[in-house]
Protein chains: 2
Amino acid sequence: MAPTSETLTAERILEATEEVLRRHGPAKATVVDVARALGVSHGSVYRHFRTKAALREAVTKRWLDRTSEALSGIAAADRDAESRLRDWLAALFDAKRRKAGDDPELFATYSVLTAESGTAVGEHLADLTAQLTRIIEAGTADGTFAAADPATAAGAVFQATVRFHDPCHAREWERPAAEAEFAAVVDLIVRGLRA
Amino acid sequence: MAPTSETLTAERILEATEEVLRRHGPAKATVVDVARALGVSHGSVYRHFRTKAALREAVTKRWLDRTSEALSGIAAADRDAESRLRDWLAALFDAKRRKAGDDPELFATYSVLTAESGTAVGEHLADLTAQLTRIIEAGTADGTFAAADPATAAGAVFQATVRFHDPCHAREWERPAAEAEFAAVVDLIVRGLRA
């Protein structure tokens, strides 16, 4: 139990919520469990998150943001667009695969939460597609890529690689062929974007 | 109940099995239910399919074969490779979308059966990828496509379009944007294959 003298921040509540979700699973975890883990009243938690649904949405957003923040550095890097695109797609696959492989219970928990999420997932997908759009715009500006509409092309790239980032394909990520299959899809896509 | 005077063929058993699966669901359907629907003893069914697992595997194969047979005509047609590829991918998406939309219970049933299938799904995927390989080989031979290894390229095309044929994405197929998203992915892929 954490000492109550520490200031109760939203971030501390979200950390505790993730731990409670990991321990109890998404079906059983309650706000009272979270409050107990923090040594505070459930009223204190509700002052930061007005409903249980809002708390679940916020912890889902935090989990998804961890991936998009790591990728945004690659998207914004000062390097040629094709390398950035390849690195970005590899980093996305790698992040998802590690999340699924390193902590399967937490991954299963977040698969349930993302399925029930109203806006966090939509915003996450929009954020990732916007990062891809910036890379493709840069490549189109310097003549590497030829995309009539970079946003449409970014959507197509994201969907053509869905097998390597959508949780419904997680079982396939550990197969020995996965790395070669990923490389073949990325090569096909990069060729499709080239001027 | 069908008249018992008709010869009991494997095809009649599989037809009845599909109907029993649709009615009872994959968890509850039994060989006795199938025999009852046909007005025969369960021993008669076992003479054609030695185990319940073999019967389920065979009915799954029959369901999958319906899709691959429709597609094989497109793959073998005497037309330019790019049109064949586009038509083949559109026909696959269309077949899956109709299966999911027209009879959701049966689609859910077969989603369970394909997940438990040992070999039928693997053979089905190999068959579809072989059809794609033939199209890409033809396109490479006539200079439309440039694929160093048509089989690898076929695998990449199949996986890059997984969002439009894997049942785990079925909920996304009815969204208004699905058709435009499919078109953007196919355009990207065709550009990636071109010489």
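These numbers come from a predicted model, not from an experiment.

## Observations concerning the pattern of salt bridges
- In this structure the tally under the stated criterion is 34 salt bridges over all chains.
- When the shortest N-O distance is used, the salt bridge between E82 of chain A and R194 of chain A registers 3.1 Å. Of this pair, E82 of chain A sits in helix α5 (residues 81–102) while R194 of chain A sits in the segment after α9 (178–193), placing them 112 residues apart in sequence.
- On the accessibility criterion, E82 of chain A (17% relative accessible area) is buried.
- Residue E172 of chain B pairs with R163 of chain B through a salt bridge whose shortest N-O separation is 3.1 Å.
- Judged by relative accessible area, R163 of chain B falls into the buried class, the value being 6%.
- Look at the salt bridges and you will find they share partners, linking E11, E18, R62 and R66 of chain A into a network.

## Thoughts on the environment of V31 of chain A
- Relative to the elements of secondary structure, V31 of chain A occurs in helix α2 (residues 31–38).
- Contacts of V31 of chain A, omitting those with residues within four sequence positions, involve H42, V45, Y46, K52 and L55 of chain A.

## Regarding the interface of chain B and chain A
- With 21 residues of chain B at the contact, the number on the chain A side is 21 residues.
- Interface area for chain B against chain A, summed over the two sides, is near 1800 Å², with a carbon-plus-sulfur share of 63%.
- Of all residues in chain B, the largest losses of buried area upon contact with chain A belong to Q159, L188 and R191 of chain B, amounting jointly to 33% of the total for that side.
- Put simply, chain B and chain A have zero salt bridges between them.
- Of all the secondary-structure elements, those providing two or more residues to the side of chain B that touches chain A are α8 (150–160) and α9 (178–193) of chain B.
- Here the residues of the side of chain B that touches chain A sort into 12 nonpolar, four polar and five charged.

## As for the domain arrangement of chain A
Residue and element names in this part refer to chain A.
- Structurally, chain A comprises domain 1 (10–48) and domain 2 (60–193).
- Taking the mean C-alpha position of each, domain 1 and domain 2 sit 30 Å from one another.
- With eight residues of domain 1 at the contact, the number on the domain 2 side is nine residues.
- Surface buried jointly by domain 1 and domain 2 totals about 730 Å² across both partners, of which 56% is contributed by carbon and sulfur atoms.

## Side note on the UniProt feature "domain: HTH tetR-type" (unreviewed entry) in chain A
- The positions that UniProt labels "domain: HTH tetR-type" (unreviewed entry) are, in the present scheme, residues 7–67 of chain A.
- As annotated, residues 7–67 of chain A has a helix share of 75% and a strand share of 0%, and its two end C-alpha atoms lie 27 Å apart.

## Examining the state of the cysteines
- Per the counting criterion, the structure on display carries one disulfide over all chains.
- One disulfide in the model links C168 of chain A with C168 of chain B; its S-S distance is 2.1 Å. Of the two residues, C168 of chain A sits in the loop between α8 (150–160) and α9 while C168 of chain B sits in the loop between α8 and α9, which places them in two different chains.
- On the basis of relative accessible area, C168 of chain A is assigned to the partly exposed category, the value being 34%.

## Section: the relation of the copies chain B and chain A
- Here chain B sits on chain A after a turn of 180° about the axis and a move of 0.0 Å along it, with an RMSD of 0.0 Å. In symmetry terms, the pair is related by a two-fold rotation axis. Within chain B, G192 of chain B has its C-alpha nearest the rotation axis, a separation of 1.7 Å.

## Remarks on the packing of aromatic side chains
Residue and element names in this part refer to chain B.
- On inspection of all chains with the given rule, the structure shows 13 aromatic pairs over all chains.
- Geometrically, the ring pair formed by F93 and F164 is edge-to-face, given 5.2 Å between the ring centres and 70° between the ring planes. Of this pair, F93 sits in helix α5 (residues 81–102) while F164 is found in the loop between α8 and α9, placing the two residues 71 residues apart along the sequence. Considered together, F93 and F164 belong to a single accessibility category, that of buried residues.
- Aromatic side chains F93 and W173 sit 6.3 Å apart centroid to centroid with 80° between the ring planes, which places their arrangement in the edge-to-face category. Remark: W173 occurs in the loop between α8 and α9 and F93 occurs in helix α5; sequence separation between them is 80 residues.
- Residue classification places F93 among the buried positions, given a relative accessible area of 1%.
- Taking the relative accessible area as the measure of exposure, W173 reaches 3% and is therefore buried.
- By the ring-pair criterion, three or more aromatic residues cluster together here, those being W63, F93, F107, Y110, F164, W173 and F182.
- Positioned over the ring face of F93 is R97, at 4.0 Å from the centre of the ring.

## What about the packing of helix α4 (residues 52–76) of chain B against helix α7 (residues 120–141) of chain B?
Residues and elements named next belong to chain B.
- Orientation of α4 relative to α7, taken along the N-to-C sense of each, is 5°, at an axis distance of 9 Å. If you check the angle between α4 and α7, you find them roughly parallel. Contacts between α4 and α7 involve E57, T60, K61, L64, T67, S68, L71, S72 and A75 from the first element and A120, V121, E123, H124, D127, L128, Q131 and I135 from the second.
- Here the residues of the contact of α4 with α7 sort into seven nonpolar, six polar and four charged.

Rules of the game
- Residues numbered from 1 in each chain as written.
- Chains lettered and ligands numbered in written order.
- Predicted model: local features only at pLDDT ≥ 70, side-chain atom pairs only at ≥ 80, totals over all residues.
- Heavy atoms only, no water.
- Salt bridge = Lys/Arg side-chain N within 4 Å of Asp/Glu carboxyl O.
- Helix = DSSP H or I, 4+ residues; strand = E, 2+ residues; numbered from the N terminus.
- Buried < 20%, exposed > 50% of the residue type's maximum accessible area, 1.4 Å probe, protein only.
- Contact = heavy atoms within 4.5 Å.
- Buried area = accessible area lost by both parts, 1.4 Å probe.
- Nonpolar A, V, L, I, M, F, W, Y, C, P; charged D, E, K, R; others polar.
- Domains from an automatic or database assignment.
- UniProt positions renumbered as here; feature names shortened; annotations may be inferred.
- Disulfide = S-S within 2.5 Å.
- Least-squares fit on C-alpha atoms with pLDDT ≥ 70 in both.
- Phe/Tyr/Trp six-rings, centres within 6.5 Å; stacked < 30°, edge-to-face > 60°.
- Lys NZ or Arg CZ within 6 Å of the ring centre and 35° of its normal.
- Axes fitted to C-alpha atoms, helices over the stretch in contact; angles between N-to-C directions.
- Parallel < 35°, antiparallel > 145°, perpendicular 65-115°, else oblique.

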